[in-house]
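Notes for the structure review
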Amino acid sequence: MPDPSVPPTPAVPLSALLAREDLALRQIAGPTDPDVVIHWAHTSEMADPYPYLLGGELLLTAGVHIPEAAGSGTYFDDYVSRIVEAGGTALGFGLAPVHDTVPRALVAACESFGLPLLEVPPRTTFSGVARAVWQLMAQARLAELRRVTEAQQSLAAAASRPDPVPSVLRQLAQRVGGWAGLYGPEGTLIAAAGREPGAEAQAALADLTGVVRPRTDATASTPDSTAAVDGRTAAGGGRAGAAPADREAPRERGQAASAPASGAAAPAAPGIRAAGVAPRERGQAAPTSTAPARSTAAPASATDTVAGAHLAAYALAPSHGFVLGVAAPRRDPADHTIASVAAVLLSLLTGEQQSGTGAARTSALVRLLLGAAPEAVAPLLGTAPWLVVHARPDSSGAPDPVAASALGAALGSPLVDLAGDVVRVLVPADREPAAQPGWTLGVSDPATPAEGPAADTRAARALARARATRTPLVRHGARPGLADLVPHDEAASHARALLGPLAHTPALVDTLRAWLSLHGSWDRTAVALAVHRNTVRQRIARCAALLGTDLDDPDVRMELWFALRQ
């Protein structure tokens, strides 16, 4: 789970801030490690800023708090040690208006405690430094989003090539600057691309794939199943790494290997290896057990760091046991997002392609590309109902691909479409969408693939109503009972006749529908349609004139609502 104290923006290298010529900052003490990063800038003249720091700050001070006799005691050592204890990244000291130079005792303290000390010239304001930090963060965020978007496009193109699995692995390895491999259900390496990691990292990654691979109770709980493990078989039949007894398991290193889901036993290091490699690959006979094998829950992903390589494993199509392994020189949110996209594509390629469902979807896509009508292709996708979800972020501005992917993952579906300021997600009808923090959702009623366009329209209406009523999630209601009493053809014919005067003006029809659904509220209708309330009044007056009826009459409203629902 992400740390709530860390902002959702990339950190800024301290070296990038020092490189800004307009600031003219100069580092005069402390380490010059290029990996030092800052998350924000904070100004404080407190003698003890510890209670007000979250960690990762560039703390700015003009030295107002420094007493006259500070240089002869332990004041500066105490001051710097508290900043380091609070997690401060660097200290910026302004030369004006209190001090003409940086106190030597402060320089010595920063050097002693390993805290970078920056000299801020008189012409550079603290607010200018803070603004530069946020500008660098915005530039880094934009570069991150551009990188993720380009990677998504290249991975999707690779998945459509004649050799999709190797192509996706090559693209993934190139995008993360490392190595990517596909492991089969038995733990063997099937395909790989990129710079191969060292033997120790490769062996640890093979172990890590066992953490996310579904296990059975017979395998996970049989003590003898992990005995006398003397090594791991690498790709090509060679042995890689030291004996498991000499290697630490991912969780024993204290790294971020994901914990099993609730109810699953956390296996020790040998148990992880047993899950990752079948007994016959170790040269041992599998132990016998009379108990029936039951699937044991496993995490969807796990991470570790070994010999300077950042390792990650992602479960693909869990029912088939394929796993994606990634070894890269770094690990940041963009790399995780790119690897997650590749995992989704490989899940489709390795999982569903083995079933009739995958073949049917491939056939449907081919027929659509060759010009077949959607209604003719829909039967290939099956008759299971789907829900269409329309979502808009509560914040201003259009959603980005990273946020859209995260929303799809939260709703439990990889079928996500980012179109302008609206994200559309297809969710199986047996999964009940829940309200998501920071989003406003509109959910359609269950619909078959052939009814998709109509469900898409109903989801859009539900979203408009949710935004108008400031409700986090609105579901499209069931059809009224009155509709079931009238044959559909007759009801549709009546609706066409009644709404005929508005048929050539879609804006009037949409406005009338929204206005009636919101009980005649001008303000809420204006919000739902993103127009001015006077525009709503004019359109409703125009509807009343064209229909030649009194829209204040509840009987008229009921009949029009019935017609608009057809």
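Residues numbered from 1 in each chain as written. Predicted model: local features only at pLDDT ≥ 70, side-chain atom pairs only at ≥ 80, totals over all residues. Heavy atoms only, no water.

**A short note on the sheet that holds strand 14 (residues 322-328)**
One open sheet holds the five strands; their spatial order is 9-8-14-13-12, and the pairing between them is antiparallel. Edge positions in the sheet fall to strand 9 (189-194) and strand 12 (301-306), since each of these pairs with one other strand and no more. The average angle at which neighbouring strand axes cross in this sheet is 15°, direction not considered. As paired elements, strand 12 and strand 13 (residues 309-316) share six bridges and run antiparallel to each other. The residue bridging alanine 302 from the neighbouring strand is alanine 313, located in strand 13. Lying over the sheet, helix 6 (residues 199-212) contacts strand 8 (179-183), strand 9, strand 12, strand 13 and strand 14, oriented at roughly 30° with respect to strand 13. Its contacts with the sheet put helix 10 (residues 333-350) on strand 8, strand 13 and strand 14, and the angle it makes with strand 13 is roughly 35°. (Pairing = 2+ DSSP bridges. Helix = DSSP H or I, 4+ residues; strand = E, 2+ residues; numbered from the N terminus. Axes fitted to C-alpha atoms, helices over the stretch in contact; angles between N-to-C directions. Contact = heavy atoms within 4.5 Å.)

**Section: the pairing of strand 7 (residues 117-120)**
Where burial is concerned, the two faces of strand 7 agree: the one with Leu117 and Glu119 and the one with Leu118 and Val120 are both buried. Across three bridges, the pairing between strand 2 (residues 26-29) and strand 7 is antiparallel. Each bridged residue has a counterpart across the sheet, and for alanine 29 the counterpart in strand 7 is leucine 117. For strand 6 (residues 90-94) and strand 7, the ladder comprises four bridges, and the chain directions are parallel. Along strand 7, the bridge assignment pairs phenylalanine 93 with glutamate 119. Since strand 6 and strand 7 lie parallel, the crossover through helix 3 (residues 104-113) that links them has a hand, and here it is right-handed. (Buried < 20%, exposed > 50% of the residue type's maximum accessible area, 1.4 Å probe, protein only. Right-handed = clockwise from strand over helix to strand, strands pointing away.)

**A look at unusual backbone geometry**
Only a minority of non-glycine residues have a phi that is not negative, and only a minority of peptide bonds are not trans. Of note, the amide linkage connecting alanine 96 to proline 97 takes the cis form, showing an omega dihedral of 5°. Looking at the secondary structure, you find proline 97 in the loop between strand 6 and helix 3. The phi torsion at alanine 24 lies on the positive side, around 60°, for a residue other than glycine. By the secondary structure assignment, alanine 24 is in the loop between helix 1 (14-18) and strand 2. With relative accessibility at 32%, the residue alanine 24 sits in the partly exposed group. Of note in the backbone geometry, alanine 530 takes a positive phi value of approximately 60° without being a glycine. The topology assignment puts alanine 530 in the loop between helix 18 (522-529) and helix 19 (533-547).

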